[in-house]
Amino acid sequence: MIRSEILREIAPILRDQLVVCNIGIPSQELHAIDDQPTNFYMLGTMGLASSIGLGLALAQSKTVIAIDGDGSVLTNLGTLPTIANNVADNFILMIIDNGSYGSTGDQPTYTGKKTSLAGMARAAGCDNVVEVMDVDTGTALKAAIAGGKMTIMVVKCDSGNAKMPVITMDPVVIRDRFMKAVEA
Amino acid sequence: MNIDKKITDDLVANDISFVTTVPCKQLAGVIEEIDQREEIFHIPSNKEDEGMGLCAGAFMGGKRPAIIMQNTAIGVTINTLATLIQYYRMPLPMLISYRGELREPVACQVEMAVHTKALLAQMNIPTYHFHTQADVEELDMILKYTFMCNKPVAILTDANFWGGYGDQ
């Protein structure tokens, strides 16, 4: 499966949760598949989905799912120790690990070679780290939500992108409707 | 006057309850003070752009955030300031140690000091410079201004403000 197929499959699960979605094609895909006020789309700032998600989870009690990518986590590796040492049990970091920089033309990342993000998360001190195959994403995500423990999911899948339109919504509108959904 | 306590009191009085820090020798006292206050959740970050991400999330979760960092971090955070904090119109007080100014003992610090105000000006970030201890009296107003206008605001605090580096 490629990322967009996973997102389509888990959209009914994501719909009821606060979602912080990674920059570029992941946000475009989620926006096209199932736009919700509970989705915060990153339009720039590669690497910070996990940081924004953690800050949000620490600040309020609803479940937060940050959808990140292998390339983005690699560019902000300091996030893993920060997550490990500031546990928010309402936080799920779901890293869609397709071993490539999808938004820039599928250039390979190191996670498709020797580097294991699950291993790095564990070494950083994260307690609940699960590595799952693409077809098991929905089951694992439901279990993580029900578990009520901070969870790092590394979802191994194929490289590739769906062709979706660029998000033209104004960033302040995205942020404002998201904050209203957080408060609701 | 205990500057560290005064700064922390102003943060608390302005309902700032989520503070991320990347340390600096000059900021050690205020970071320690913040760490001890029950009203503030202190979350050290490993890099300042990561810290700004944490602050953005906390703000959207209903908390008032702040970041404490060195001026060298302006070089690290330009993209985050432009495409996250400014683009989504989020408030962010940035208490910054202004290394490389008068009384600085480390020559390399001057290399970023000479760019600091120019970069902040280029980013249209409101910037205040605390040079003497009395300048701290403006902090309360600066914090209110930051959350009024929903912008990142820089408070540069130089070595003279902090009382120098001791005997050199």
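Residues numbered from 1 in each chain as written. Chains lettered and ligands numbered in written order. Predicted model: local features only at pLDDT ≥ 70, side-chain atom pairs only at ≥ 80, totals over all residues.

**Description of the overall build of chain B**
In terms of regular secondary structure, chain B is built from seven helices and six strands. Put simply, chain B runs from its N terminus to its C terminus through helices and strands in the order α-β-α-β-α-β-α-β-α-β-α-β-α. Here the C-alpha atoms of chain B give a radius of gyration of 15 Å, agreeing with the 15 Å that 2.2 N^0.38 yields for 168 residues. In chain B, which comprises 168 residues, the share counted as buried stands at 48%. (Helix = DSSP H or I, 4+ residues; strand = E, 2+ residues; numbered from the N terminus. Rg over C-alpha atoms; globule rule 2.2 N^0.38 Å. Buried ≥ 20, exposed ≤ 12 C-beta atoms within 10 Å, placed from the backbone.)

**Focus: the overall build of chain A**
Looking only at helices and strands, chain A features eight helices and eight strands. For chain A, the C-alpha radius of gyration of 15 Å lies close to 16 Å, the compact-globule estimate for 184 residues. Principal-axis analysis of the C-alpha atoms places the extent of chain A at approximately 40 × 35 × 30 Å. Going through the 184 residues of chain A one by one, you find that 47% of them count as buried. Long-range pairs, those at least 24 residues apart, make up 69% of the contacts in chain A between residues at least 6 apart in sequence. (Contact = placed C-beta atoms within 7 Å.)

**Examining helix α3 (residues 48-60) of chain B**
Residues and elements named next belong to chain B. Taking 1.5 Å of rise per residue, 13 residues should cover 18 Å, and α3 covers 18 Å from first to last C-alpha, within 8% of that figure. With 13 of 13 residues buried, α3 lies mostly within the body of the structure. Following α3 by one or two positions, G62 adopts a phi angle in the positive range, close to 100 degrees. (Expected span 1.5 Å × (residues − 1).)

**A few points about unusual backbone geometry**
Residue and element names in this part refer to chain B. Phi at N124 is positive, roughly 55 degrees, even though this residue is not glycine. Tracing the chain through its elements places N124 in the loop between α5 (107-122) and β5 (127-130). Residue classification places N124 among the exposed residues on the basis of 10 C-beta atoms within 10 Å. The phi dihedral of N150 is positive, around 55 degrees, even though this residue is not glycine. With respect to the helices, strands and loops of the structure, N150 is situated in the loop between α6 (139-149) and β6 (152-158). Taking the C-beta count within 10 Å as the criterion, N150 has 16 such neighbours and is therefore assigned partly exposed.

**Things to note about the packing of helix α1 (residues 3-14) of chain A against helix α2 (residues 25-34) of chain A**
Packed helix pairs are characterised by how far apart their axes lie and by the angle those axes make with each other. Residue and element names in this part refer to chain A. The geometry of α1 relative to α2 is characterised by a closest axis approach of 10 Å and an angle of 40 degrees between their N-to-C directions. The orientation of α1 with respect to α2, classified from their angle, is oblique. Viewed along their axes, α1 and α2 form a crossing whose handedness is right-handed. Counted together, R3, S4, L7, R8 and A11 of α1 and P26, E29, L30, I33 and D34 of α2 form the full contact between these two elements. Residues belonging to the contact of α1 with α2 are distributed by class as follows: five nonpolar, one polar and four charged. (Axes fitted to C-alpha atoms, helices over the stretch in contact; angles between N-to-C directions. Parallel < 35°, antiparallel > 145°, perpendicular 65-115°, else oblique. Left-handed = near helix turned anticlockwise from the far one by under 90°. Nonpolar A, V, L, I, M, F, W, Y, C, P; charged D, E, K, R; others polar.)

**Side note on helix α1 (residues 3-13) of chain B**
Residues three or four positions apart in an α-helix share a direction because the helix packs 3.6 residues into each turn. All names here are of chain B. Three or more residues of α1 are buried, namely I7, T8, D10 and L11. Viewed along the axis of α1, the buried residues span an arc of 155 degrees, placing them on a single side of the element. Residues of α1 that are buried sit in contact with β1 (16-21), α2 (28-36), β3 (64-70), β4 (92-98) and α6. Two residues or fewer after α1 comes D15, characterised by a positive phi angle close to 65 degrees. (Arc of directions from axis to C-beta.)

**Notes on the packing of α3(B) against helix α4 (residues 74-86) of chain B**
Residue and element names in this part refer to chain B. The interhelical angle for the contact between α3 and α4, taken along N-to-C directions, is 20 degrees, at an axis separation of 8 Å. By the angle between their directions, the pair α3 and α4 is classed as roughly parallel. Handedness of the α3/α4 crossing: right-handed. Within the contact between the two elements, α3 uses E48, D49, M52 and A56 and α4 uses V76, T77, T80, L84 and I85. For the contact of α3 with α4, the class distribution of residues is five nonpolar, two polar and two charged.

**Focus on the pairing of β4(B)**
Residue and element names in this part refer to chain B. For β4, the buried fraction is high: seven of the seven residues fall into the buried class. The side-chain alternation of β4 yields two buried faces, one formed by L92, M94, I96 and Y98 and the other by P93, L95 and S97. Where β3 and β4 come together, four bridges link them in parallel fashion. Its bridge partner being in β4, M69 is matched across the sheet by I96. In the classification by handedness, the crossover that spans β3, the intervening α4 and the parallel β4 is right-handed. With seven bridges connecting them, β4 and β6 associate as parallel partners. Directly across from I96, in β6, lies its bridge partner L156. (Pairing = 2+ DSSP bridges. Right-handed = clockwise from strand over helix to strand, strands pointing away.)

**Concerning the interface of chain B and chain A**
Contacts between the two partners involve 25 residues from chain B, matched on the other side by 27 residues from chain A. Put simply, the parts of the chain that give the side of chain B that touches chain A at least two residues each are β2 (41-44), α3 and α4 of chain B. A total of nine residues in the side of chain B that touches chain A trace back to one element, the largest contributor, which is α3(B). Partitioning the side of chain B that touches chain A into residue classes produces 11 nonpolar, nine polar and five charged.

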